[in-house]
Amino acid sequence: MIVSNFRTKEAIPNHIILISFSLLAILPILVLFFNSIKPFSEFGLNPLGPPSEIRIQNFPDAWVAGEYSKIFFNSSKLVIGSVILCLAVSLLAGFSLAKLNPKGSSAIAIYLLVGISIPAQLYILPLFLLWKELSLLNTHLGLIIIYSALNAPFATFLIRSYMIRLPDELFDAAKLDGANTFQIFFRIALPLSWPVILTAGLIIGLAVWNEFLFALTFIQDPNFKPMATILFSFQARFENNYALQSAAAIMMVAPVAILFMLFQRRFISGLTSGGLKE
Amino acid sequence: MNFFSNKSFIAWYFVLPVVFIHLFVIGIPSILSLALCLTDWSGLGKINYVGFENFIELFDDRYFKKAIFHNILWTIIFLTVPVCIALMCAYLLTGIKRGQMFYRLAFFFPYMLASVINCQIWKYLFHPIHGLGGFFESIGIQALASSPFTTKETSLYAAAFVDGWHFWGFLVVIYLTGMYQVDNHLYEAADIEGATKFQKFRYITLPMIRPIFIFSLMIIIIWSVPVFDYVYILTGGGPAYSSEVVANYLYTHAFVRFNVGYASAVGTLMFVYVIIIVSIFGILRKLGWEI
C-alpha cells in the first residue's frame, strides 16, 4: 500500500517539511487548549504558552455562564434527530438505487447530484419564509428536516456505492425463499451495511454539530440555539475573557476529537468520498 | 438485478422519502427563488413582477461588483496556495515510511472543526495584544501590531487564510489517495534514468493523478461561491466592504433588509454560475479530457 518513491536517506528533509506543516495545523488548536485551562490573570504575560497553573474551573464556569446543560441538549437533539431521519431516508433510497434499479433512477441520481451543487443561498430565503408559514422557525424539528435534506444526497450516494457491492446471490436466495422487498431490506441489506451506516452517521452527525448558516438563520431564540451559534454569541458576550471562551470552544471540540481518535479512518474516507470519483 | 421488474413501483416507494424531503427543503424553495428574482417582493404584501430590473440594478451596484471581485480573488487564492501546499505535502508523504498516519491525522484534524472554532482560534492568535502580536512584542519584534481582520487591506486575505488553514488537509488526503494508485514501477524506471524528485513529480505523479487533480479544482471553484461562515464570523464583510463576498451580501439583503426579490436575484446568479462551471467540466469530460 505504502509507496516509497524516494530512497530512505532522502526522507529526512521530507520529515522536516511535513513536521513544520503539522505544527502549523496543530499548534493553533493546542493554544486553544492551553487557554481553556489557563487562569484568566495569566493571559497578559503568557498569551501562547502552556499555563503555569492549571485551572479546570474554567469549564464549570463556562458551562454555567453559557447554560451549556441546555445547549448540549439542543445540539445533541439536533445531531441524533438528523442522523436518524437522514439515515432512514438515505438507506431506503440507497438500497433502491443499488439493488432495485427503478425505472428513471438515473433521473433521481442526477437530481440529487444537482441538489448537492446548488448553493444554499439560492433557497435559504424562500425556505425561511416557508418555515415561517409552517411555524417551524425556532423549532428543532424544523432544523432536523433541513439537515436531513442537506445531507441526504451525500448519504444516499455513499450507501448506494456500498450496497451495490453486496453479492446479488444473497438477495436472489431470499427472493426465492419468498421474502418481500421490505423483508429483504430489513433482514439482509441493513445487517450487512452496518459499516456504511456507521460512516454515514458519523459524517452527518459531524456536519450537524458544526453547521452554522442554517442554525444562525432558523433558530433565533437563545433557548433553542445549538453549540455553534451559542459559541458565536459567547465570543461577543465575553469578548476579552479568553479563558471562558476557550473552555466553551474546547467543550465543542472534545466530542469531535474523541470520535475522530476512535474512527479516524471512517471520518477521513467518508469525508473525502464526496471529493473522489467512484 | 431485476427481481422486481414486475412491481418496479415498490422500488419507487423506497426512493420517495428522499425525493420528497429534498424537494420540500431544497427543490421547491430553489424554484421559488428563481421566480422571485423577477419581483420586488419584500416578504410581505403584494408581489409585483418587475422583469429583469433586479439584475439591471445589481450590475449597477458597486458593492455587489466588489463582492464578486472578492469571490474571484478568493477562488484564485484557493486554487493556488492550498493546492500547491497540499500537492507538496502529499508527494512528500508518499516518500516516507514512518509517521504517515500521524501526519495525515494532523493535517486533517482542522477540517473536522466547526467554522466558529477555527475563527475563534485565529481571532485570538491575530489579536494585537493577546495573541501573536503580544508574543512578538514580548520578544521585541514589531509584527501583527494590528489585527489583520480589522485592517482594510488585509481583511479578505486574513479570512481566506483561516478558511484555507482549515481546508488544505482535505486536499492532502485526496491527492494522497490518487498518488497511492500510481504504479511503483514508473518511479523505479525513473530512478534508473536518474530523475530528480521534482522531475518524478512533474512527469510521473502529476500526470497520473490528473483526474483527481482536475476534480479538486472543480470543487474548489464551486465551493468558493457560497463562502459565508468565515467572512461573516471574522469580519462581517468589513471594514468598509473590504472583505464583502457575494453570500454575505445576499445574507444582508435577505435577512437584514428583507429585499426578497433582490436577494433572490443574487442567489440566481450564484446558481447559474455554478451550473455553468459544472457543465464546462462535464463537456470537457465528454470531449475525452479524462477528467
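Here's the deal with the overall build of chain B
Then, in step 1: Summing up its helical and strand segments, chain B has 13 helices and zero strands in all.
Then, in step 2: In chain B, the succession of helices and strands from N to C terminus is α-α-α-α-α-α-α-α-α-α-α-α-α.
Then, in step 3: For chain B, the spread of C-alpha atoms along the three principal axes comes to 75 × 75 × 30 Å.
Then, in step 4: Expressed as a percentage of the 291 residues in chain B, the buried residues total 43%.

Side note on the overall build of chain A
Then, in step 1: Along chain A, the regular secondary structure elements total 13 helices and zero strands.
Then, in step 2: When the elements of chain A are put in sequence order from the N terminus, they spell out α-α-α-α-α-α-α-α-α-α-α-α-α.
Then, in step 3: With the C-alpha coordinates aligned to their principal axes, the bounding extent of chain A is approximately 75 × 65 × 35 Å.
Then, in step 4: Taken over 278 residues, chain A has a buried fraction of 46%.
Then, in step 5: Partitioning the contacts of chain A with sequence separation of at least 6, the portion at a separation of at least 24 is 75%.

Describing the domain arrangement of chain A
Residue and element names in this part refer to chain A.
Then, in step 1: Taken domain by domain, chain A holds domain 1 (8-55) and domain 2 (67-273).
Then, in step 2: Tallying the contact residues gives eight residues for domain 1 and seven residues for domain 2.
Then, in step 3: Of the residues belonging to the side of domain 1 that touches domain 2, the class tally is five nonpolar, two polar and one charged.

As for the nonpolar core
Then, in step 1: Formed by 168 residues in total, the largest nonpolar core has its most connected members in Leu231 of chain A together with Ala90, Val172 and Tyr175 of chain B.
Then, in step 2: Both domain 1 (8-55) and domain 2 (67-273) of chain A contribute no fewer than three residues apiece to this core.
Then, in step 3: Those residues in contact with Leu231 of chain A that sit more than four places away from it in its chain are Ala248, Ala249 and Met252 of chain A together with Val116 of chain B.

Here we look at the interface of chain B and chain A
Then, in step 1: With 88 residues of chain B in contact, the opposing surface of chain A contributes 84 residues.
Then, in step 2: Considering each element in turn, the side of chain B that touches chain A owes the most residues, 19 residues, to helix 1 (residues 8-36) of chain B.
Then, in step 3: Residue classes in the side of chain B that touches chain A are distributed as 64 nonpolar, 20 polar and four charged.

Some remarks on helix 5 (residues 120-133) of chain A
In an α-helix there are 3.6 residues to a turn, and that puts residues three or four apart on one side.
Residues and elements named next belong to chain A.
Then, in step 1: The terminal C-alpha atoms of helix 5 lie 20 Å apart, and with 14 residues this matches the ideal 20 Å at 1.5 Å per residue to within 8%.
Then, in step 2: Buried within helix 5 are the following residues: Gln121, Leu122, Tyr123, Ile124, Leu125, Pro126, Leu127, Phe128 and Trp131.
Then, in step 3: Just past helix 5, the residue Ser135 takes up positive phi, approximately 55°.

Focus on unusual backbone geometry
Then, in step 1: Of note in the backbone geometry, Asn138 of chain A takes a positive phi value of approximately 60° without being a glycine.
Then, in step 2: Classification of Asn138 of chain A as partly exposed rests on a count of 16 C-beta atoms within 10 Å.

Regarding the confidence of the model for chain B
All names here are of chain B.
Then, in step 1: In the predicted model, chain B carries a mean pLDDT of 87, and the fraction of residues at 70 or more is 96%.
Then, in step 2: Mean pLDDT per element in chain B: helix 6 (residues 132-138) is the minimum at 77, and helix 3 (residues 62-94) is the maximum at 93.
Then, in step 3: Counting contacts from residues 1-6, a segment whose pLDDT is below 50, to residues more than four positions away or on other chains yields eleven contacts.
Then, in step 4: Interface confidence for the predicted complex, expressed as ipTM, amounts to 0.89; the pTM equals 0.90.

Overview of the confidence of the model for chain A
Then, in step 1: Averaged over every residue, the pLDDT of chain A is 87; the share at 70 or more is 95%.
Then, in step 2: Mean pLDDT across the elements of chain A bottoms out in helix 4 (residues 105-117) of chain A (85) and peaks in helix 9 (residues 194-210) of chain A (94).

How each quantity is defined
- Residues numbered from 1 in each chain as written.
- Chains lettered and ligands numbered in written order.
- Predicted model: local features only at pLDDT ≥ 70, side-chain atom pairs only at ≥ 80, totals over all residues.
- Helix = DSSP H or I, 4+ residues; strand = E, 2+ residues; numbered from the N terminus.
- Buried ≥ 20, exposed ≤ 12 C-beta atoms within 10 Å, placed from the backbone.
- Contact = placed C-beta atoms within 7 Å.
- Domains from an automatic or database assignment.
- Nonpolar A, V, L, I, M, F, W, Y, C, P; charged D, E, K, R; others polar.
- Core = buried A, V, L, I, M, F, W, Y, C linked by C-beta atoms within 7 Å.
- Expected span 1.5 Å × (residues − 1).
- pLDDT = per-residue confidence, 0-100.

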